[in-house]
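# Observations on the model geometry
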Amino acid sequence: MKWQFVIPLIFLSALSLQGKTSAHGVKIKHQITPAIKINAVYDTGSPLANAPVTVYAPNTPNKPWLKGTTDEEGNFIFSPDSSQSGYWEIKVRQAGHGELVSIPFQVDKSHNSDNKKISNSNYYLASTSNDYNPLQKGLMIGCIVWGFLGTGLFFWRFKTQNQPQEEH
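Everything numeric here is computed off the predicted structure, so don't read it as measured data.

Analysis parameters
Residues numbered from 1 in each chain as written. Predicted model: local features only at pLDDT ≥ 70, side-chain atom pairs only at ≥ 80, totals over all residues. Heavy atoms only, no water. Helix = DSSP H or I, 4+ residues; strand = E, 2+ residues; numbered from the N terminus. Buried < 20%, exposed > 50% of the residue type's maximum accessible area, 1.4 Å probe, protein only. Contact = heavy atoms within 4.5 Å. Areas by Shrake-Rupley, 256 points an atom, 1.4 Å probe, with all protein chains shown as cover. Patch = residues over 30% accessible without salt bridge, like charges linked within 9 Å, V, L, I, M, F, W, Y side chains within 5 Å. Salt bridge = Lys/Arg side-chain N within 4 Å of Asp/Glu carboxyl O. Pairing = 2+ DSSP bridges. Axes fitted to C-alpha atoms, helices over the stretch in contact; angles between N-to-C directions.

Along the chain, the regular secondary structure elements total 2 helices and 9 strands. Its helices and strands taken in sequence order, the chain reads α-β-β-β-β-β-β-β-β-β-α from the N to the C terminus. The 168 residues of the chain split such that 24% are buried. Looking at the chain alone, contacts between residues at least 24 apart form 48% of all its contacts between residues at least 6 apart. Carbon and sulfur atoms form 58% of the exposed surface of the chain, whose accessible area is close to 12200 Å².

In structure tokens:
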């Protein structure tokens, strides 16, 4: 009688097992030119259209330097202050999904102040991954094994309690 409840639960659990979910993932790509261009898209490839963007300068990382929105394709372009070298942080968020990326921007100080240029040695592409790291994978596998083991031990307890004890 108890198996009438267990079998549908096992079936529903098996249906809910999926490879990888990507509903919350966001990817941001960028290019460094005299301006910095980013492209924000979900893991599915659809753009974060009209998403709020906040830019933080290296000298004041706790105060927004610029606020704006992406276009329909998820693009956002801005020209950083050429007097501030360092990591510019760009945050893109929309409906609870988002990403923060740090982009190095260096001023070539070998030229005079009227002719500042961006150093080409610091091209950088944000490292976003579609896959889980080994620690995350191990933790998920451990949780699944622990869940199956715990469920099996839970029902095994009832089986051993309901069996009549043998008398000698």
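Now that the structure has been shown, we can carry on.
Turning next to the side chain of Q84. If you trace the backbone, Q84 turns up in the loop between strand 5 (75–78) and strand 6 (86–94). On the accessibility criterion, Q84 (10% relative accessible area) is buried. Setting aside residues no more than four positions away along its own chain, Q84 makes contact with A57, P58, N59, W65 and F105.

This paragraph deals with a nonpolar patch on the surface. Residues W146, L149, L153 and W156 make up a contiguous nonpolar surface patch of roughly 530 Å² in combined accessible area. Relative to the helices and strands, L153 is located in helix 2 (residues 134–162).

The next point concerns the sheet that holds strand 6. A sheet is described by the order of its strands in space; here 4 strands give the open sequence 4-3-6-7, paired in antiparallel fashion. Strands at the two margins of the open sheet, each flanked by one partner only, are strand 4 (64–69) and strand 7 (97–105). Each strand of the sheet is rotated relative to its neighbour by a mean of 20 degrees, with strand direction disregarded. Bridge analysis of strand 3 (residues 52–56) against strand 6 gives 4 bridges, and the strand direction is antiparallel. Looking at strand 6, one finds that V53 is bridged to V92.

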